[in-house]
Structure formats: structure tokens, C-alpha cells
Amino acid sequence: MSFVLVVFVHPAVRRSRLNRSLRDAVRDLEGVRVHDLYETYPDFFIDVAAEQAVLREAGALVVQHPIYWYSCPALLKEWFDLVWQQGFAFGPGERALAGKPWVSAVSTGSQPGAYHPEGLHRFTLEEILRPFEATARLCGMTWQDPFVTHDAVGVSAEVVREIGQAYRRRLEALRDALKGP
Ligand SMILES: Cc1cc2nc3c(=O)[nH]c(=O)nc-3n(C[C@H](O)[C@H](O)[C@H](O)COP(=O)(O)O)c2cc1C
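What you are looking at is a predicted structure, and each value in this text was computed from that prediction instead of being measured.

Q: Sorry, what's going on with the layout of surface pockets here?
A: Over the atoms, a rolled probe matching the size of one water molecule traces out where space is still vacant. Put simply, the largest pocket is a space of about 370 Å³. The wall of the largest pocket is formed by 20 residues, among which Pro66, Tyr68, Ser107, Gly109 and Val153 lie closest to the centre. A breakdown of the residues in the lining of the largest pocket according to their chemical character gives 10 nonpolar, 8 polar and 2 charged. Here the second largest pocket defines a volume of roughly 170 Å³.

Q: Where do I start with the site of the ligand in this structure?
A: Taken together, 17 residues are adjacent to the ligand, and His10, Ser16, Arg17, Ser107 and Tyr115 come closest. Here an oxygen atom of the ligand and a side-chain polar atom of asparagine 19 are 2.8 Å apart. At a separation of 2.6 Å, an oxygen atom of the ligand approaches a polar side-chain atom of serine 107. Taking 630 Å² as the accessible area of the ligand by itself, protein coverage stands at 74%. When atoms are counted within 2 Å of each cavity's grid points, the one that captures over half of the ligand is the largest pocket. Broken down by class, the residue content of the shell around the ligand amounts to 9 nonpolar, 7 polar and 1 charged.

About the criteria used
- Residues numbered from 1 in each chain as written.
- Predicted model: local features only at pLDDT ≥ 70, side-chain atom pairs only at ≥ 80, totals over all residues.
- Heavy atoms only, no water.
- 1 Å grid on protein atoms, 1.4 Å probe; cavity = no way out; pocket = protein on both sides within 12 Å on 5 of 7 lines; lining within 4 Å.
- Points joined across faces, edges and corners; volume = space filled by probe spheres on them.
- Nonpolar A, V, L, I, M, F, W, Y, C, P; charged D, E, K, R; others polar.
- Near = heavy atom within 4 Å.
- Polar contact = N/O pair within 3.5 Å; in protein donor to acceptor, adjacent residues only side chain to side chain.
- Areas by Shrake-Rupley, 256 points an atom, 1.4 Å probe, with all protein chains shown as cover.
- Sits in = over half its atoms within 2 Å of the grid points.

So this is what it looks like as C-alpha cells:
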């Protein structure tokens, strides 16, 4: 049976508050597999064939990470560079990801208003996520609304729990949609 693959990317998970909590809120879900890239590849030596095999099997992709420098932690970039090859993910040859949904689940350290043309960062988060959206589209994937948590450092423990439950519901819906009508 197909499953939702959560690619979890955090270089310092013990210091993580938000992403660790979201991961823990979904890791027991049936039909959801959490794949921790930094745990699997602390030395950055990625097993490309193994990664491609799991991506082939997955029915939907959730890419979960904190926003670092308007992008992602370094290992996620390395993973795309090595694993999402032409002839596997795009271009002539295999298009192993085509038709699969992509949900980016990201957290920021800023207030929502900071991601605004007149705010601190000048650009909306939608604009910041464009390289990921472009990647999804190039590979024929379905870009879905991202799951965004702003002010990940400042939110209360109670709110973190609520966000975890919302994340769980979002992934359950993604998983249930894989079963079809
Ligand atoms: C190296 C680094 C770069 C960061 N860059 C950004 C950024 O560009 N925009 C932003 O809003 N927050 C930025 N942050 C804040 C993180 O996004 C925030 O600490 C994280 O989402 C909190 O999640 P966690 O509790 O799972 O670590 C950065 C943090 C670090 C350590």
C-alpha cells in the first residue's frame, strides 16, 4: 500500500522545539513514514539508490524543515542535488515522482508580518518557497498549500501541541486521499 513519506530535515533535533514536536505528532500514524535525513546521513554520504527506491514507492511527499537563510538546511539541498536526477525525477526517462502531491511543512523564526513586501524580509513566504514549488512542478508533482508555522521559537507549548494536532490531521487527509474514492 502506498504511503506518505515525510522527509524530516533538522540538523540539531535535540535543540528543536517545533519540528521535533510536529514529527512526534505524526510518527505513529499508519500509512505515514518519517525519514530523518540527518539521522540517516550524519556524514552527508547519501545512498542515492536507496533514496530513489523509497521515493518510487511513496504516494505523497512531505518535506519538513525549518527555514534557514530563506531556504532549507544544507543536507536537504544535497539530497535534491544527488537523488533527484535527470532520468529519475525529470526529463526523458523515468519520472518517478510525477502525479504525487508535495507538501512543504516549514517553520520560521519570524512573525507572519515579517514575510510581507513592507515587512522585515520583504518577500512573502510563498515567494521564498518558489524554488521548491518549481522543483515540484518540473517533476510533474502537485504542489499543495504549504503547512507553515511562523514564530516557531516564540509560540507557547500549548500552541505547539495544537499545531501538532493540525499537522496530524493534514497528514491523515493526505494519506486518505491516496486510497482514492
Ligand atoms: C542557520 C539558521 C538560519 C535561519 N534562517 C531563518 C530565516 O531565513 N528566516 C526565518 O524566519 N527564520 C530563520 N531561522 C529561524 C528558524 O527558522 C527557527 O529557529 C526554526 O524554524 C525553529 O524550529 P525548531 O524549533 O524546530 O528548531 C534560522 C535559524 C538558523 C539556526
